[in-house]
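Below are the chains, spelled out letter by letter.
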Amino acid sequence: MTEDLNQMRDHMLTAIAAASGLDALDACRVEALGKQGTITALLKTLGKMTPDERLVQGPLIQGLREAVANGIAERKATLERAALDARLASETLDMTLPADAKPAGTIHPVSQVMDELAEIFADLGFAVATGPEIETDWHNFTALNIPETHPARAMHDTFYLQQGIDAKTAGTADEKTTFSLLRTHTSPVQIRTMLSQKPPIRIIAPGRTYRSDSDATHTPMFHQVEGLVIDKGITLGHLKWTLETFVKAFFERDDIVLRLRPSYFPFTEPSVEIDVGYTLVKGKRVVGGAEPDGWLEILGSGMVHRKVIEACGLDPDEWQGFAFGCGIDRLAMLKYGMDDLRPFFDGDIRWLKHYGFSSLDVPTLSGGVGA
């Protein structure tokens, strides 16, 4: 058996080395490792062997499989490198010739929606606030009443960078070790604003955020906008009116219906999820309609938790507020009919030509934010 396997390996490696192209190499792979391949058939015989036979034959067959797989990988790399060298030698580009096409860039939908949000909330008296994308554990979690045992702090959700000293406790007797991380939301901007400005405060905080997630509706880096109001006598009614006004202006429809559902966020109490009603038009969901066919969740919100206000040095008995947050990418998908988040980051000029905006499409409330 050992001699047969050695002969089989030599024969297969010789055929692999002689493969003149990627198609021929793939044929060798299928013949050896495909579903009906020779090595695959040998692997299937292991189940019929006795334990003693399997102990001897198993490593030999697995060694054959590994040798052939490595041989295919090496030959593939060699063929691909040779093909690239041939292409580089044959293809030339004269950089002195004039361009045969004019630049075709457009405004990205995310940039457009950010401008739309800034225009809408500026009309409501909100300023735009920004903050660092590399944050401390205190600003990103602790000050927002997110306990150390919360799942959001786990490595599989958060990109941690390095260990450091908590900026809030540096140089004091309570100095604590913290971790630098890529912010998981733009809420730290709210904390920094409350620490640096005296109330009343009305801000929105758009920007990039980072979480360890990737599929058709999630990416490791995405865009988020959060809003914060801190003043005296603020109630949940102020939050509801603000969000209704925002959603109607953003989707440019007066027949918007919102639904508030009780929820939980560590940094707000009470907390509510906001759903917007949609109607079905030719099988597609379109936001709006006095009698919705269904509901779409668009953002989370609530009254700022007392502990968050206290962490920023304010008296929660004197100052109250509300906060909300939503994904800018998802707002763009919902408004402009996109069904996959991943092309937002592919840089495909064809996608931008279809969904992009002219540089003259400046959002205004008078002309329409989606004009």
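Each value, and the rule that gives it
Residues numbered from 1 in each chain as written. Predicted model: local features only at pLDDT ≥ 70, side-chain atom pairs only at ≥ 80, totals over all residues. Heavy atoms only, no water. Helix = DSSP H or I, 4+ residues; strand = E, 2+ residues; numbered from the N terminus. Salt bridge = Lys/Arg side-chain N within 4 Å of Asp/Glu carboxyl O. Buried < 20%, exposed > 50% of the residue type's maximum accessible area, 1.4 Å probe, protein only. Axes fitted to C-alpha atoms, helices over the stretch in contact; angles between N-to-C directions. Parallel < 35°, antiparallel > 145°, perpendicular 65-115°, else oblique. Contact = heavy atoms within 4.5 Å. Nonpolar A, V, L, I, M, F, W, Y, C, P; charged D, E, K, R; others polar.

What follows concerns the environment of Thr 279. Tracing the backbone through its elements, the reader meets Thr 279 in strand 8 (residues 268–281). C-alpha of Thr 279 to C-alpha of Ala 290: the two residues are eleven residues apart in sequence and 9.0 Å apart in space.

A word on the pattern of salt bridges. Applying the stated criterion to the full structure yields 17 salt bridges. Between Glu 244 and Lys 240 there is a salt bridge whose closest N-O contact spans 2.6 Å. Within this pair, Glu 244 and its partner Lys 240 are both found in helix 8 (residues 236–251), separated by four residues, close to a single helical turn. Take Glu 244: its relative accessible area is 23%, and that puts it in the partly exposed class. Within the structure, one salt-bridge network assembled from shared partners comprises Arg 259, Arg 261, Asp 275 and Glu 297.

Two elements in contact, helix 8 and helix 10 (residues 328–336), have axes whose closest approach is 11 Å; the angle formed by their N-to-C orientations is 55°. On the basis of the axis angle, helix 8 is oblique to helix 10. Mapping the contact onto sequence places Phe 246, Phe 250 and Phe 251 in helix 8 and Leu 331, Leu 334 and Lys 335 in helix 10. A class-by-class count of the residues in the contact of helix 8 with helix 10 yields five nonpolar, no polar and one charged.

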